[in-house]
Amino acid sequence: MKPPEFRTRSLPTTGFHARISAAALVTALSVLLLASLAFMGQQWAMVHAQNRNLQSTLGGMAAISIADAVTAGDAAAVTSAVRSLGLSPVLMSAEYFDAQGHRIAGFRRSTVEAGAATVVIR
């Protein structure tokens, strides 16, 4: 028999229960991570759908109020309706053109304010 310093050492092996516990822990963490990512993706999609819906509603309301002012022949009301769109922080500019393509009313944010603005209504 060889002395202890010359014997081949076998690698320590983990027990069956430890390997099963490690696999269960890795599986649980990966499922939790994937579920969190899926939830965040759904929330992102829902917020963007709501924003698109709100922006189309804003544009529709502006179009109706501008159409009523144009029908009445009130140029001041047209200008006021277009400028009131400036209350929306995501609106970069809004312009109203007549049938011949002439600009009747509008507003445009300055470049400093336009950093977060993303929507243009024409």
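Peer 1: Any chance you could break down the overall build of the protein chain for me, citing the residues and the numbers?
Peer 2: Within the protein chain, the regular secondary structure consists of 2 helices and 3 strands. Tracing the protein chain from N to C terminus, the helices and strands come up as α-α-β-β-β. By the burial criterion, 15% of the 122 residues in the protein chain qualify as buried. Of the roughly 9,600 Å² that the protein chain leaves accessible, carbon and sulfur atoms contribute 66%.

Peer 1: A description of the pattern of salt bridges should follow, citing residues and the corresponding values.
Peer 2: Going through the model one piece at a time under the given rule, you end up with 2 salt bridges. A salt bridge links arginine 103 to glutamate 95; the nearest nitrogen and oxygen atoms lie 3.3 Å apart. In this structure arginine 103 comes out as partly exposed when scored by relative accessible area, which is 46%. One salt bridge in this structure joins arginine 108 and glutamate 95, with 3.5 Å as the shortest N-O distance. Taken together, the residues arginine 108 in strand β2 (residues 103–108) and glutamate 95 in strand β1 (residues 91–97) connect sequence positions 13 residues apart. Each of Glu95, Arg103 and Arg108 takes part in one network of salt bridges that share partners.

Peer 1: Would you mind going over helix α2 (residues 75–84) in detail, with residue names and values included?
Peer 2: Of all the residues in α2, the buried ones are Val78, Ala81 and Val82. Along α2, the residues classed as buried sweep out an arc of 95° about the axis, all on the same side. Seen from the buried face of α2, the exposed residues on the opposite side, beyond 90 degrees, are Ala76 and Arg83. Residues of α2 that are buried sit in contact with α1 (16–72), β1 and β2. A distance of 3.4 Å separates the backbone nitrogen of alanine 76 from a side-chain oxygen at the start of α2, and that oxygen is part of aspartate 74.

Peer 1: Outline the pairing of β2, listing residues and values.
Peer 2: Relative to β2, β1 runs antiparallel, the two being bridged by 5 bridges. Along β2, the bridge assignment pairs tyrosine 96 with alanine 105. Where β1 hands over to β2, the hairpin turn is made up of 5 residues, of which glycine 101 adopts a positive phi near 90°.

Peer 1: Which residues make up the packing of α1 against α2, and what values go with them?
Peer 2: Two numbers describe a pair of packed helices, the interaxial angle and the distance between the axes. Interaxial distance between α1 and α2 falls to 8 Å at its minimum, and their mutual angle equals 170°. By the angle between their directions, the pair α1 and α2 is classed as roughly antiparallel. Across the interface between the two elements, Ser65, Ile66, Ala69 and Val70 of α1 pack against Ala77, Val78, Ala81 and Val82 of α2. Split into classes, the residues belonging to the contact of α1 with α2 amount to 7 nonpolar, 1 polar and no charged.

The rules behind these values
Residues numbered from 1 in each chain as written. Predicted model: local features only at pLDDT ≥ 70, side-chain atom pairs only at ≥ 80, totals over all residues. Heavy atoms only, no water. Helix = DSSP H or I, 4+ residues; strand = E, 2+ residues; numbered from the N terminus. Buried < 20%, exposed > 50% of the residue type's maximum accessible area, 1.4 Å probe, protein only. Areas by Shrake-Rupley, 256 points an atom, 1.4 Å probe, with all protein chains shown as cover. Salt bridge = Lys/Arg side-chain N within 4 Å of Asp/Glu carboxyl O. Arc of directions from axis to C-beta. Contact = heavy atoms within 4.5 Å. Polar contact = N/O pair within 3.5 Å; in protein donor to acceptor, adjacent residues only side chain to side chain. Pairing = 2+ DSSP bridges. Axes fitted to C-alpha atoms, helices over the stretch in contact; angles between N-to-C directions. Parallel < 35°, antiparallel > 145°, perpendicular 65-115°, else oblique. Nonpolar A, V, L, I, M, F, W, Y, C, P; charged D, E, K, R; others polar.

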